[in-house]
Amino acid sequence: MARQILIAGNWKMNKGAADGAQLIKDIKAQFGASCSCCCSGKKPEVLVCPTFTTLSAVVAEAQGSCLLVGAQNIHWADQGAFTGEISGAMLKECGVTHVIIGHSERRQYFGETDATVNQRLKAALKNGLTAVVCVGETLAEREAGTTNAVVERQVRGALADISADDMKNVVIAYEPVWAIGTGKVASDEQAQDVHAFIRGLLKTMFSCPCVADGTRILYGGSMNAANAAGLLAQPDIDGGLIGGASLKPADFATIIKAATKA
Ligand code: PEP
């Protein structure tokens, strides 16, 4: 089954509304008058995920192009006393279609657990959003030889009670924690091995082979203009979740072009 490549930019806590709108203009400028990617055929989907206060400006600037816009988090409740959080309905109202869930920075600094990732995923699906669910091991876990066990626990935890039908709106991002923002990228083989493991795991978790065959698994962790082509050429790597390089229009465009050839 052909899986459409997804190139997703995680802007993290960078770019206010004015700078974010400018970044979208700059990304579009890399592609001339046509839209930045395209929604058909073999071309990759392109997603940007700004911070909450930048979402509306970026949605407005992306209109008329093929750029998709997502948020970086979602709460499981529809509304209520959850200071600092945001609901699915609020995100929909901003015009976003996607949301990142369970990024390692959320797990590391904000107490995100497999159980809360699962709750947030259910809220995303209930609100008709496509979720990019992040998993990945720390350096200590890799060195202890527990990468697959950690990733399995995270995938099973995130996807508890999620149906095969729901999986049409779930993307998994394998992001080794030791590679995020460090400049230390996983080798093509290291990344492919874990992606193949995750696909095999999906095969055992869902009786319909459509889930393992159809679910996109992105790689994230210091993907850049120089290493993207090798990673994206791997059979089980269906795109990238990109932090630092997604803030540099020329580099982001080079990654999208590499994805177009993959
Ligand atoms: C990320 O934030 O998901 C990420 C992969 O960051 P970077 O590309 O900067 O390593």
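That block above? That's the structure.
Since the structure is predicted, the reported quantities are computational estimates derived from the model, not experimental observations.

Undergrad: So what exactly am I meant to see when it comes to the site of the ligand here?
TA: Taken together, 14 residues lie near the ligand, and K12, E175, G181, S222 and G243 sit nearest. In this structure, K12 approaches the ligand through a side-chain N or O atom, which is 2.8 Å from an oxygen atom. Within the contact set of the ligand, an oxygen atom lies 2.9 Å away from a backbone nitrogen or oxygen of G244. Burial of the ligand by the protein chains amounts to 95% of its free accessible area of 290 Å². Residue classes in the shell around the ligand are distributed as 4 nonpolar, 8 polar and 2 charged.

Undergrad: Honestly, the pattern of salt bridges in this entry has me stumped. Any pointers?
TA: Any two side chains of opposite charge can pair, given that their charged atoms come close. Within this structure, the stated rule accounts for 16 salt bridges. In this structure, K12 and E105 form a salt bridge, with 2.8 Å as the shortest nitrogen-oxygen distance. Of this pair, K12 sits in the loop between β1 (6-10) and α1 (17-29) while E105 sits in helix α4 (residues 104-110), and the two are 93 residues apart along the sequence. In this structure, E112 engages R120 in a salt bridge whose closest nitrogen and oxygen atoms are separated by 2.8 Å. Considered together, E112 and R120 belong to a single accessibility category, that of buried residues. Via salt bridges that share partners, R3, R199, D236 and D238 belong to a single interconnected network.

Undergrad: Help me out: how do you make sense of the pairing of strand β7 (residues 217-220) in this one?
TA: Looking along a regular strand, one sees the side chains alternate between the two faces of the sheet. Alternating positions in β7 separate into two faces, I217 and Y219 on one and L218 and G220 on the other, with burial throughout. The pairing of strand β6 (residues 170-174) with β7 spans 3 bridges and is classified as parallel. Considered in β7, the bridge of Y174 is made with Y219. Where β7 lies against strand β8 (residues 239-242), 2 bridges are found, and the strand directions are parallel. Residue pairing for β8: G220 is matched across the bridge by L241.

Rules used throughout
Residues numbered from 1 in each chain as written. Predicted model: local features only at pLDDT ≥ 70, side-chain atom pairs only at ≥ 80, totals over all residues. Heavy atoms only, no water. Near = heavy atom within 4 Å. Polar contact = N/O pair within 3.5 Å; in protein donor to acceptor, adjacent residues only side chain to side chain. Areas by Shrake-Rupley, 256 points an atom, 1.4 Å probe, with all protein chains shown as cover. Nonpolar A, V, L, I, M, F, W, Y, C, P; charged D, E, K, R; others polar. Salt bridge = Lys/Arg side-chain N within 4 Å of Asp/Glu carboxyl O. Helix = DSSP H or I, 4+ residues; strand = E, 2+ residues; numbered from the N terminus. Buried < 20%, exposed > 50% of the residue type's maximum accessible area, 1.4 Å probe, protein only. Pairing = 2+ DSSP bridges.

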